[in-house]
Amino acid sequence: MNSGTAAVKPAQAGNGWEPNILAFCCNWCSYAGADLAGVSRFQYPPTVKILRVMCSSRVEPAFILKALKEGADGVLIAGCHIGDCHYIDGNKNAEIRINNTKKALVKLGLDKRLRLEWISASEGLRFSEIIKDFTEEIKKLGENPVKHKIEPQIPSRASEGRRHVCPDGIRGFPLPKGNRDADERRFNASANKSAVNVQGSE
Amino acid sequence: MFKEVSEMSDNKGTENKGTVEKDIEEKRVGVFVCECGVNIGGVVNTKAVADYIGTLHGVKVTSVNKFTCSDSGQADIQQKIKEHNLNRVVVAACSPKTHEPTFRACIEQMGLNQYFLEFVNIRDHCSWIHMWEKEKATEKAKDLVRMGVERSKLLEPLQASEVPVTDKALVIGAGVAGMQSALDLADMGFQVYLVEKEPSIGGRMARFDKVFPTNDCSICILGPKMVEVARNKNIKIMSYSEVKAVDGYVGNFNVKIEHKPRYLDVTKCTGCAKCSEVCPVEVPYDFNEGLGTRKAIFVPFPQAVPLRALIDKENCINCKACAKACASGAINYDMQTSYTDLNVGVIIGAVGFKTYDPEPRHDYGYGLYDNIITAMEFERLLNAAGPTGGHVVRPSDCKEPIRVGFVNCVGSRDKNTNIYCSGVCCMYTIKNAQLLKEKRPETDHTVMYIDIRTPFRAYEESYNRSRNLGVKFLRGRPVEVKEDPVTKNIKVRVEDTLAGEMRNLEFDLLVLATGIVPNEGIGQIQQLLKLSKAADGLLMEAHPKLKPVDTTIDGVYLAGCASGPKDIPYAVSQGSACAGRATILLKNKKAITEGITAVVEPDVCVGCQVCVPMCPFQAIKFDEKENKANVVKALCKGCGTCVAACPTGALEQSHFKNNQLLAQIKNVFKFQEVAA
Ligand SMILES: Cc1cc2nc3c(=O)[nH]c(=O)nc-3n(C[C@H](O)[C@H](O)[C@H](O)COP(=O)(O)OP(=O)(O)OC[C@H]3O[C@@H](n4cnc5c(N)ncnc54)[C@H](O)[C@@H]3O)c2cc1C
Ligand code: SF4
Ligand code: SF4
Ligand code: FES
């Protein structure tokens, strides 16, 4: 990536600088919503690139940091509306994670560059509106100041021979108390779940 | 850049001992850019994209096709796989949601693992939404394809697994659509459970007097079908029941059914309705849209299937008069809710619809003035078995009206309520006006409409017939509706948009053609089965044209108005279509499921158990002895929730592995470097 840093165009208003946004879309709702925006020809600026994941809950904080480091001016995570997640409540986990990441990003002054939105498969118009809105917001913020400067902690891989564990953190991020509580609740709830109950823990 | 990516793949190579040989094998990527006619080619410079991509490391060949999914397009892919000995294929075209299976099959035929396909969407996510920014769209397409190329190099082979299919079916909703599905499946020899929330099967159609376009008597054609359903050995009707929980996956759904108590033993009840005669409680009759009354113990309607009474506990005063009157001793006041657990291979959702309720908004004065009713109420008044024995009367004085007005598109085609067209209202208004005119030729009918839509066989003829009978059609929406305080007549001010003048009309009765809207069942099965809703709030099919009765969930199908407004013939066709689609699975007794699951690398797992409670499907079992987490493949649906939670990186989601996603992320923003 060394060559990249120097070559990035400087952020100056009026020189036609366009933000770069990476959108993680869950396969079942938001990706389909983006498809529908296309089918309906709802135009939005070419500032966003979509990366498909099966569920919004697959998005790790490290991915977001990685994207910001690599040059994203904004990162959007889009999933199904609460209650509609294809995997019951993956999006609730995503919400906890993304909010925690957002908190962590406050220190770096990057929190406004991260957004979490619920977009259903029928909300093509909403998808395009959100992209337009986010693009405008990022334009006001200007270029991501830490491009190529942060080093996210990617979990060690077996091959790297390190067994790095941080029981208190998800991939290098402090795990706030709220999250642990939520996990505990989940755990208790799931222990009580009957085999056929897919309503999940309410 | 490329060095880093290839390093990552090498890492992975040493990690998975079993696939070392494959991994150190050189990655030979072929990229196929589709023009999709002019859909992509008209905006994105596909040649420029292909040329740029051709310069990327590992890309051995690029090709631009007018329609990559066509026979010749697929042949091109297969030929290039052979010529260039490709081991990864990137298709840059439309949406993987519709076309991934096509290309997976295409490369599989050439002996490549189907998961070696990477699909890049440069149509829905690029050309179609950047139609006026051709250059930027081309640059974006380059980025998207580059992301795909880098990811493709890291793809690993996976095996889609085969699961056995239980050869039983569940049909939810016993309207005309659900009944048709059940009958067809049963006739093919499969066991069907038909779950209906109401005490009788039949759905909406059982309430109509006659049905358009040919005006056959509704219950005369539906009744025999209902009896056929009841008689069929392979169908088990579960009326007055609802689905409470669904678990499992295609071929193996575990379903919990709740049976609401009828407070009488259905095996003893003969449906004689002697009990109703003695019951002292009278409440508005829901089957008649609240017109007329029924007792607290009642048989739903004379042709009900099953023909059994039930007690409406909310209104029962516990006088026990019915217990004394019942000759067969069927009454049981202490009956409890009971449950049945079913195991089925496929599920058909046919929960129907409800009509738009004009009461809360007082559309056109409904709810404020007595003599404004809905079409559903009109249907019941017309019906010989209805509250008035087939005499259409107006609510204020029970007199038979002479001047009847009909307002179309109530709750439809209106941005304040629903923007979509409910499809059947023009036709049922035409039918209703016709029926009353035939019954009482002295009546005078005016239909106020926006457009009259009569697209199917014999519809236009029915419209002509109404006009020939003297029904007047006035193009315009009422702008003002008032009640005459003395006569209770309804005064309507309406712009006749064809004549270009305002008209003041007076009616004895005004009928609102209320549209089709989602009912509670839609929300319920949407959540239970994890389906999507369309913009109209009704359930969404897998593909609006090519998979109209499938859903995105394997083994789940939709029929009837649950997936959009429909008339009866259309609903019945969909019922049969669902049965046909479901039979593919039921007969083959096996289904192919995606190979995407979570996988634990035991060497890395430290047994922290963070992942265990994360899984919504309880697919992670903890092995206390080994102190390791284990993913039960059959239960894992591959969401990746646990993967993102695992602090050590021991968990990976196949096909969405960290290195694969990171390769994409890394490659999103490269064009700046290139451009600058
Ligand atoms: C006023 C009016 C007049 C019409 N006239 C005509 C006509 O003349 N000719 C014509 O072709 N079409 C007509 N239609 C359209 C017709 O009603 C529909 O096409 C047809 O009823 C659709 O059948 P269905 O099986 O999809 O839905 P429905 O008939 O609504 O059946 C759905 C069934 O599912 C049940 N259900 C709902 N939720 C659940 C749940 N959670 N669990 C279990 N069961 C559930 C319901 O109780 C119901 O029995 C008319 C519609 C209206 C509103
Ligand atoms: S979270 Fe990861 S390390 Fe912890 S038990 Fe699960 S797989 Fe093992
Ligand atoms: S990927 Fe999802 S379904 Fe599979 S084990 Fe992990 S959390 Fe459970
Ligand atoms: S599948 Fe869409 S958020 Fe989980």
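Numbering of residues starts from 1 in each chain and follows the order in which that chain's sequence is written. Following the order in which they are written, the chains are lettered starting with A and the ligands numbered starting with 1. Owing to the predicted nature of the model, reporting of local features is limited to residues with pLDDT of at least 70; listing and counting of side-chain atom pairs is limited to 80 or more, with chain, interface and lining totals taken over all residues. For side-chain calculations, the full set of non-hydrogen atoms in the structure is used, while hydrogens and water are omitted.

## Some words on the environment of B:Tyr366
Step number 1: Elements are defined by DSSP. Helices are runs of H or I of four residues or more, strands are runs of E of two residues or more, and each kind is numbered from the N terminus. Counting through the fold element by element, B:Tyr366 comes out in the loop between strand E19 (354–355) and strand E20 (372–374).
Step number 2: Counting along the chain gives 77 residues from B:Tyr366 to B:Thr443, while the straight-line C-alpha distance between them is 22 Å.

## Concerning the site of ligand 2
Step number 1: All residues in the neighbourhood of ligand 2 are listed as B:Cys605, B:Val606, B:Gly607, B:Cys608, B:Gln609, B:Val610, B:Cys611, B:Ala629, B:Cys646, B:Pro647, B:Thr648 and B:Leu651.
Step number 2: Within the shell around ligand 2, the residues separate by chemical class into nine nonpolar, three polar and no charged. In these notes, residues near a molecule or strand are those with any non-hydrogen atom within 4 Å of it. Here the term charged refers only to Asp, Glu, Lys and Arg, the term nonpolar to Ala, Val, Leu, Ile, Met, Phe, Trp, Tyr, Cys and Pro, and the term polar to all other amino acids, Gly among them.

## A few points about the sheet that holds strand E23 (residues 472–475) of chain B
All names here are of chain B.
Step number 1: Strands are treated as partners if at least two bridges between them are detected by DSSP. Taken together, five strands build an open sheet; the order of strands is E20-E27-E21-E22-E23 and the sheet is parallel. Strands with a single pairing partner mark the edges of an open sheet, and in this sheet they are E20 and E23. Sheet twist, expressed as the average angle between the axes of neighbouring strands with direction ignored, equals 25°.
Step number 2: Bridging between strand E21 (residues 403–410) and strand E22 (residues 444–449) involves five bridges; their strand directions are parallel. Bridged to Val404 within E22 is His445.
Step number 3: The strands that helix H12 (residues 375–382) touches are E20, E21 and strand E27 (509–514); relative to E20, the one it contacts most, it runs at about 85°.
Step number 4: Here, two residues are considered to be in contact whenever any of their heavy atoms come within 4.5 Å of each other. Axis angles are defined between N-to-C directions and span 0 to 180 degrees, where every axis is a line fitted to C-alpha atoms and, for a helix, only to the segment in contact. Relative to E21, helix H13 (residues 425–439) is tilted by about 170°, and along the sheet it contacts E21, E22, E23 and E27.

## Some details on the sheet that holds strand E11 (residues 241–249) of chain B
Residues and elements named next belong to chain B.
Step number 1: Judged by pairing direction, the sheet is antiparallel, and its three strands sit side by side in the order E11-E12-E17 without closing on themselves. Either end of the sheet is taken by a strand with one partner, and the two such strands are E11 and strand E17 (338–344). Averaged over neighbouring strand pairs, the angle between their axes works out to 20° when direction is ignored.
Step number 2: Both strand E12 (residues 252–259) and E17 contribute to a ladder of seven bridges, which runs antiparallel. The partner of Lys256 across the bridge, within E17, is Asp341.

## A look at the state of the cysteines
Among covalent bonds in proteins, the disulfide is the one between the sulfur atoms of two cysteines.
Residues and elements named next belong to chain B.
Step number 1: In plain terms, two cysteine sulfur atoms within 2.5 Å form what is called a disulfide here. In total, this model carries one disulfide over all chains according to the counting rule given.
Step number 2: Two residues share a disulfide in this structure: Cys217 and Cys220, whose sulfurs sit 2.1 Å from each other. On the sign convention where negative means left-handed, the S-S torsion of about 75° between Cys217 and Cys220 marks this disulfide as right-handed.
Step number 3: A residue is classified by how much of its surface remains accessible, and Cys217, at 24% relative accessible area, is partly exposed.
Step number 4: With a 1.4 Å probe rolled over the protein chains alone, any residue whose accessible area is under 20% of its type maximum counts as buried; one over 50% counts as exposed, and the rest are partly exposed. Note on Cys220: relative accessible area 48%, which makes it partly exposed.

## Some remarks on the environment of B:Cys34
Residue and element names in this part refer to chain B.
Step number 1: If you trace the backbone, Cys34 turns up in strand E1 (residues 29–34).
Step number 2: As for Cys34 and Thr46, which are separated by twelve residues in sequence, their C-alpha atoms are 7.5 Å apart.
Step number 3: Leave out the neighbours within four places in its chain, and Cys34 touches Ile40, Thr46, Asn65, Lys66, Phe67, Thr68, Ala92, Ala93 and Ile122.

## Overview of the UniProt feature "domain: F420-non-reducing hydrogenase iron-sulfur subunit D" (unreviewed entry) in chain A
Step number 1: UniProt positions are given in the numbering used here, feature names are shortened, and annotations may be inferred rather than shown by experiment. The UniProt record annotates "domain: F420-non-reducing hydrogenase iron-sulfur subunit D" (unreviewed entry) at residues 21–142 of chain A.
Step number 2: Across residues 21–142 of chain A, helical content stands at 47% and strand content at 19%; the span's end C-alpha atoms are separated by 12 Å.

## Some details on the site of ligand 1
Residues and elements named next belong to chain B.
Step number 1: In the vicinity of ligand 1, 35 residues are found, and the nearest of them are Glu196, Phe212, Lys431, Gln524 and Lys566.
Step number 2: Counted as a polar contact is a pair of N or O atoms within 3.5 Å, where, for protein atoms, one must be capable of donating a hydrogen and the other of accepting one, and residues adjacent in sequence contribute only when both atoms are in side chains. Residue Phe212 places a main-chain N or O atom 2.8 Å away from an oxygen atom belonging to ligand 1.
Step number 3: Measuring from an oxygen atom of ligand 1, one finds a backbone N or O atom of Ile568 at 2.8 Å.
Step number 4: Reported accessibility uses the Shrake-Rupley method at a 1.4 Å probe radius. Residues are deemed covered only where the shown protein chains occlude them. If ligand 1 stood free it would expose 990 Å²; the protein chains cover 97% of that surface.
Step number 5: The biggest single contributor to the shell around ligand 1 is helix H16 (residues 568–588), with three residues.

## Structural notes on the domain arrangement of chain B
Step number 1: Where each domain begins and ends follows an automated or database-derived domain assignment. As assigned here, chain B comprises domain 1 (29–158), domain 2 (168–254 + 344–353 + 518–582), domain 3 (274–325), domain 4 (355–517) and domain 5 (598–654).
Step number 2: Using C-alpha coordinates to define each centre, domain 1 of chain B is positioned 39 Å away from domain 2 of chain B.

## Topic: the packing of aromatic side chains
Residues and elements named next belong to chain B.
Step number 1: Pairs were defined over the aromatic rings of Phe, Tyr and Trp, the Trp ring being its six-membered one, requiring ring centres within 6.5 Å. Orientation was assigned from the angle between planes: stacked under 30 degrees, edge-to-face over 60, tilted for the rest. For the structure on display, the rule yields eleven aromatic pairs over all chains.
Step number 2: Both rings, one in Phe212 and one in Tyr459, keep their centres 5.5 Å apart while their planes meet at 90°; by these two values the pair is edge-to-face. Placement of the pair is Phe212 in the loop between strand E8 (210–211) and strand E9 (216–217) and Tyr459 in helix H14 (residues 459–469), with a sequence separation of 247 residues. Tyr459 carries the same exposure label as Phe212, and that label is buried.

## Observations regarding helix H15 (residues 520–529) of chain B
Residues and elements named next belong to chain B.
Step number 1: Those residues of H15 not exposed but buried are Gly521, Ile522, Ile525, Gln526, Leu528 and Leu529.
Step number 2: Those residues of H15 that are buried are in contact with strand E6 (168–172), E11, strand E18 (346–349) and strand E29 (556–558).
Step number 3: Where H15 begins, one side-chain oxygen reaches toward the backbone nitrogen of Gly521, 3.2 Å away; that side chain belongs to Asn519.
Step number 4: Of the residues one or two after H15, Lys530 is the one with positive phi, at around 65°.

## Structural notes on unusual backbone geometry
Residues and elements named next belong to chain B.
Step number 1: Pro213 follows Phe212 through a cis peptide bond whose omega is -5°.
Step number 2: Structurally, Pro213 can be placed in the loop between E8 and E9.
Step number 3: Cis geometry marks the peptide bond from Val305 to Pro306; its omega dihedral reads 0°.
Step number 4: Topologically, Pro306 is positioned in the loop between strand E15 (297–298) and strand E16 (310–311).
Step number 5: Of note, Lys488 is a non-glycine position whose phi angle comes to about 65°, a positive value.
Step number 6: Looking at the secondary structure, you find Lys488 in the loop between strand E24 (478–483) and strand E25 (490–496).
Step number 7: Its identity is not glycine, yet Gln618 carries a phi of approximately 50°, on the positive side.
Step number 8: Position of Gln618 relative to the elements: it lies in the loop between strand E31 (598–600) and strand E32 (620–623).

## Quick look at H14(B)
Residue and element names in this part refer to chain B.
Step number 1: For H14, the complete set of buried residues consists of Tyr459, Ser462, Tyr463 and Ser466. The buried residues of H14 occupy an angular sector of 105° when the element is viewed end-on, so they sit on one face. Away from its buried face, by an angle of more than 90 degrees, H14 presents the exposed residues Glu461 and Asn468.
Step number 2: Buried residues belonging to H14 abut H13 and E23.
Step number 3: Of the residues flanking the end of H14, it is Gly470, one or two places downstream, whose phi is positive at about 105°. Starting at the helix axis, one direction is taken to each C-beta atom, and the arc is that of these directions.

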